[in-house]
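What the coordinates show
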Amino acid sequence: MFNWEGVSEFVAVAEAESFTKAAKRLGISTAQVSRQVSALETRMATKLFHRTTRKVSVTEVGRIYYQHCRQVLDGLEEAERAITNLQSTPRGLLKITAPVTYGERTLAPLVNDFIAKYPELEVKVSLTNQKVDLIDEGYDLAIRLGQLEDSSMMAKRLGSRTQYVCASPDYVSTSGIPHSLSELEQHNCLQGTLDYWRFQENGKTRNVRVKGNLSCNSGHALVDAAIKGIGIIQLPDYYVLPYLEDGQLIPLLEQNRQPDEGIWALYPHNRHLSPKVRMLLDYLSEALN
């Protein structure tokens, strides 16, 4: 097998007519360039450069060798450009999983835009609130919301979400407004999958247990109940923002709102990111920030 050591250094010196300039161009030390070229000359049993204190120039043999090496390096550069161009157009299968509501409202439209831009992609999106095994089920990416638990995965933050505590004007008019976290126990707090809500108090995260007459694992159902004046809810922005903006819901306990949580893309630790996955990550990150 051909030994490529010293070839790039030789070409750089021949073109720069200087070991120092060649080292700067290659981003390595002058001593390293000199060692590689000397080793190349030893291996070929010929002198490639005339060296003086003022000038470096190729020998006749060095000139012939340079011409051949330049052609080879030009061919390698062209091969890299061809591969780069191939990879710049994502194609093939891409498997993604995400939570149902966030996937429907936010992720799926962005993925659809990405497919429209790169129609050679085949994308399979699975929306589920169940945690799936990315490796066993062959997923390229999983979208996760909030605090991460699985340290065996690599994670890239794509954006953030805001949790809102809110109720309808009708509920507030009949039951009043909670002005502190301790007052929540006096209110009908509609629960999702957890029996506590997370807040910020005195610079620290505080979990407050809540109770009410409705518990449901559907955010849409809880929003509907809140709009109908049944109780107070705590849900992410993608559930409640439209209703906050049109006045059907009003925000509560804003002074205790917890810091925004992360929206994450997870992928297996030991899996090299293909160009199509990396491009989708960059696309989502730009769209969600």
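Residues numbered from 1 in each chain as written. Predicted model: local features only at pLDDT ≥ 70, side-chain atom pairs only at ≥ 80, totals over all residues. Heavy atoms only, no water.

**Re the overall build of the protein**
Rules: A run of H or I in DSSP becomes a helix once it reaches four residues, and a run of E becomes a strand once it reaches two; helices and strands are each numbered from the N terminus. As defined in this context, the radius of gyration uses C-alpha atoms, and a globule is described by 2.2 Å times the residue total to the power 0.38. Only protein chains enter the accessibility calculation, which uses a 1.4 Å probe; a residue whose area is less than 20% of its type maximum is buried, one above 50% is exposed, and one in between is partly exposed. Any two residues whose heavy atoms approach within 4.5 Å are treated as being in contact. To be clear on the numbers: accessible area is Shrake-Rupley with a 1.4 Å probe, and residue cover counts the displayed protein chains and nothing else. When charges are counted, neither His nor the chain ends are considered; positive counts come from Lys and Arg and negative counts from Asp and Glu. Throughout, a charge is located at the NZ atom of Lys, the CZ atom of Arg, the CG atom of Asp or the CD atom of Glu.
Secondary structure assignment for the protein yields 10 helices and 12 strands. Radius of gyration (C-alpha) of the protein: 31 Å, far over the 19 Å computed for a compact globule of 289 residues. In terms of overall dimensions, the protein has a C-alpha envelope of 95 × 45 × 35 Å along the principal axes. A total of 289 residues make up the protein; the buried ones form 39% of that total. Long-range contacts, defined as pairs at least 24 residues apart, comprise 70% of the intrachain contacts of the protein with a sequence gap of at least 6. Within the structure as shown, the protein displays about 16,400 Å² of accessible surface, and the carbon and sulfur contribution to it stands at 49%. Charge-centre separation for the protein: the mean point of 32 positive side chains lies 9 Å from the mean point of 34 negative side chains.

**Examining helix α9 (residues 237-245)**
Residues lying three or four places apart along an α-helix face the same way, a consequence of the helix completing one turn every 3.6 residues. All of the buried residues in α9 are D237, Y238, Y239, V240 and L244. Looking one or two places after α9, you find G247, whose phi comes out positive at around 90 degrees.

**Notes on the sheet that holds strand β7 (residues 163-167)**
The test is simple: Any two strands with at least two DSSP-identified bridges between them are counted as paired. Only the contacting stretch of a helix is used when fitting its axis, a line to C-alpha atoms as for every element, and angles between N-to-C directions run 0 to 180 degrees.
The strand order across the open sheet built from three strands is β10-β7-β11, with neighbouring strands paired in antiparallel fashion. A strand with exactly one partner marks an edge of an open sheet, and here the two such strands are β10 (233-236) and β11 (250-252). For this sheet, the mean inter-axis angle between neighbouring strands, taken without regard to orientation, is 50 degrees. Two strands pair when backbone bridges link them, and β7 and β11 are joined in this way by three bridges, in the antiparallel orientation. Bridge pairing links V165 to L252 in β11. Where α9 meets the sheet, its contacts fall on β7, β10 and β11, and the angle it forms with β10 comes to roughly 110 degrees.

**A word on the nonpolar core**
Our working rule: Throughout, nonpolar core names a set of buried Ala, Val, Leu, Ile, Met, Phe, Trp, Tyr and Cys residues whose side chains join them through atoms within 4.5 Å. Each domain's extent is set by a domain assignment, obtained either automatically or from a database.
Judged by nonpolar contacts, the single largest core of 36 residues is most densely connected at I96, L107, L141, I143, I233 and V240. Counting residues per element, this core draws most heavily on helix α5 (residues 100-117), which supplies five residues. Per-domain counts for this core show at least three residues from each of domain 2 (92-161 + 262-288) and domain 3 (163-259). Membership of the second largest hydrophobic core comes to 18 residues, among which are A14, F19, V33 and Y65.

**Quick notes on the sheet that holds strand β3 (residues 92-98)**
Taken together, five strands build an open sheet; the order of strands is β4-β3-β5-β12-β6 and the sheet is mixed. Since the sheet does not close on itself, it has two edges, and those belong to β4 (121-127) and β6 (153-161), each with one partner. Pairs of neighbouring strands in the sheet enclose a mean axial angle of 20 degrees, with direction left out of account. α5 rests against β3, β4, β5 (141-145) and β12 (261-268) of the sheet, and its axis sits at about 175 degrees to β4. Each of β3, β4, β5, β6 and β12 touches helix α10 (residues 275-287); the most contacted strand, β6, lies at about 25 degrees to it.

**Re the pairing of β10**
Remark: a regular strand shows side chains that alternate across the two faces of the sheet. Across the two faces of β10 the burial is the same, with I233 and L235 and Q234 and P236 all buried. As judged from the four bridges shared by β7 and β10, these two strands associate in the antiparallel manner. Within β10, the position partnered with Y164 by the bridge is L235.

**Comments concerning the state of the cysteines**
The line we're drawing: What counts as a disulfide here is a pair of cysteine sulfur atoms lying within 2.5 Å.
Following the criterion strictly, the structure yields zero disulfides and no others. Not engaged in a disulfide, the cysteine C189 finds its nearest cysteine sulfur in C166; these two sulfurs lie 12 Å apart. C189 sits in the buried class, given a relative accessible area of 0%. With no disulfide of its own, C216 lies 15 Å from the sulfur of C166, the closest cysteine sulfur.

**Side note on the domain arrangement of the protein**
Heads up, the rule is: Buried area adds together the accessible area that both of two parts lose upon being put together, with accessible area traced by a 1.4 Å probe. Side-chain atoms alone can form a polar contact between residues adjacent in sequence; in general such a contact is a pair of N or O atoms within 3.5 Å, and within protein one must be able to donate a hydrogen while the other accepts it. Three residue categories are used. Nonpolar comprises Ala, Val, Leu, Ile, Met, Phe, Trp, Tyr, Cys and Pro, charged comprises Asp, Glu, Lys and Arg, and polar comprises the others, including Gly.
Looking at the assigned domains, one finds that the protein contains domain 1 (7-83), domain 2 (92-161 + 262-288) and domain 3 (163-259). Between domain 2 and domain 3 the total buried area reaches about 790 Å² when both faces are included, carbon and sulfur atoms providing 43% of it. Summed over the shared surface of domain 2 and domain 3, the number is four residue pairs in polar contact (both at pLDDT 80 or more). Per-element accounting of the side of domain 2 that touches domain 3 gives the leading share, five residues, to α5. Looking at the side of domain 2 that touches domain 3, its residues break down into two nonpolar, three polar and three charged.

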